[in-house]
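Residues per chain are reported as follows:
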Amino acid sequence: MNYGELKKVDSANGPGVRVTLFVSGCRNHCPGCFNRDTWDFGYGKPFTEDTRQEILEALEPGYIAGFTVLGGEPFEEENQPEVAALLQKIRELYPQKNIWCYTGYTLDKDLVPGGRKYTEVTDRLLSCIDVLVDGRFIEEQKDLTLKFRGSRNQRLLKLKNGKAEGELE
């Protein structure tokens, strides 16, 4: 897996001060995407053990509220194993920190057994996530007043054990 950027101090992609990883690779190619460079699976740098350690160390300070992963697309089949392993490690070391994930796919259609992005690690990945922002970015529904999402169709789903418990405002 490659990644386009690692932000150690971010306040745009979830509540509070966060560490944010932008993975590379996305097949959605949403018109108007703010991060087109990350569509390419080869974009950026290889995700290595050193990268993982850098993320884990960046999460250590008490002022860091949590971790966000987006892209690109964390739920592309090529990215899921590495993202799942990373989120499991974060959950293990920092159970008090929240984990957010952005995906252009939908939880109840694409990320369920039989869904087009469901793999052998999807449930493991979802079980680590507190809030999933799902749905493609739709330029015609772009709304700059929305909190933590770009278009009105996107949902902020509170997850528990990988299942939606409800939507956040």
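Anything mentioned here points back to the structure above.
All figures in this text were calculated on a predicted structure; none of them were measured in a lab.

Asker: Give a detailed account of the packing of helix 1 (residues 49-58) against helix 2 (residues 80-93), specifying residues and quantitative values.
Answerer: Viewed as axis vectors pointing N to C, helix 1 and helix 2 meet at an angle of 35 degrees, and their least axial separation amounts to 11 Å. Classified by chirality, the crossing of helix 2 by helix 1 is right-handed. On the side of helix 1, the interface is formed by Arg52, Ile55 and Leu56, while helix 2 contributes Glu82, Ala85, Leu86, Lys89, Ile90 and Leu93. In terms of residue class, the contact of helix 1 with helix 2 is built from six nonpolar, no polar and three charged.

Asker: Residues and numbers for the pattern of salt bridges, please.
Answerer: All chains considered together, the criterion is met by 13 salt bridges. In this structure, arginine 52 and glutamate 49 form a salt bridge, with 3.2 Å as the shortest nitrogen-oxygen distance. Here glutamate 49 and arginine 52 lie together in helix 1, a separation of three residues that amounts to about one turn. A salt bridge links lysine 117 to glutamate 76, with the shortest nitrogen-to-oxygen separation between them at 2.7 Å. Taken together, the residues span a long stretch of sequence, with lysine 117 in the loop between helix 3 (107-110) and helix 4 (122-126) and glutamate 76 in the loop between strand 4 (64-71) and helix 2 at a distance of 41 residues. A single salt-bridge network, built from bridges that share partners, covers Arg27, Glu76, Glu77, Glu78 and Lys117.

Asker: Any details on the nonpolar core? Residues and values, ideally.
Answerer: Counting residues in hydrophobic clusters, the biggest one holds 33 residues, and the most contacted among them are Leu21, Ile55, Phe67 and Ile129. Contributing elements (two or more residues each) for this core: strand 1 (2-10), strand 2 (17-23), helix 1, strand 4, helix 2, strand 5 (98-103), helix 4 and strand 7 (155-160). Looking at this core element by element, the count peaks at five residues for helix 2. Excluding residues that lie within four positions of it along the chain, leucine 21 makes contacts with Met1, Tyr3, Glu5, Leu6, Phe47, Ile55, Phe67, Thr68, Val69, Leu70 and Leu86. Listed in part, the eight residues of the second largest apolar core include Phe22, Leu70, Trp100 and Phe148.

Asker: Could you give an account of unusual backbone geometry, naming the residues involved and the relevant values?
Answerer: Note that the residue after glycine 71, namely glycine 72, is joined by a cis bond; omega there is 20 degrees. Turning to its location among the elements, glycine 72 is positioned in the loop between strand 4 and helix 2. Its identity as a non-glycine residue notwithstanding, asparagine 161 has a phi of 55 degrees, on the positive side. One can find asparagine 161 in the loop between strand 7 and strand 8 (163-167).

Calculation notes
Sequence order sets the numbering: in each chain, residues are counted from 1 along the sequence as written. Predicted model: local features are reported for residues with pLDDT of at least 70 only, side-chain atom pairs are reported and counted for 80 or more only, and whole-chain, interface and lining totals are derived from all residues. The side-chain values count all of the structure's non-hydrogen atoms but skip hydrogen atoms and water molecules. Helix axes are fitted to C-alpha atoms over the stretch in contact, other axes to C-alpha atoms as well, and angles between N-to-C directions run from 0 to 180 degrees. Only runs of H or I of at least four residues qualify as helices and only runs of E of at least two qualify as strands under DSSP, and these elements are numbered from the N terminus. Each crossing gets its hand from how the near helix is turned against the far one by less than a right angle, where anticlockwise is left-handed and clockwise is right-handed. Between two residues, a contact is recorded if the distance between any of their heavy atoms is within 4.5 Å. Ten residues, namely Ala, Val, Leu, Ile, Met, Phe, Trp, Tyr, Cys and Pro, are considered nonpolar, four, namely Asp, Glu, Lys and Arg, are considered charged, and the remaining ones, Gly among them, are considered polar. Definition used for salt bridges: Asp or Glu carboxyl oxygen within 4 Å of a side-chain nitrogen of Lys or Arg. By nonpolar core is meant a set of buried Ala, Val, Leu, Ile, Met, Phe, Trp, Tyr and Cys residues that side-chain atoms within 4.5 Å join together. Think of it in three bands: residues with accessible area under 20% of the maximum for their type are buried, residues over 50% are exposed, and the middle band is partly exposed, with areas taken using a 1.4 Å probe on protein chains only.

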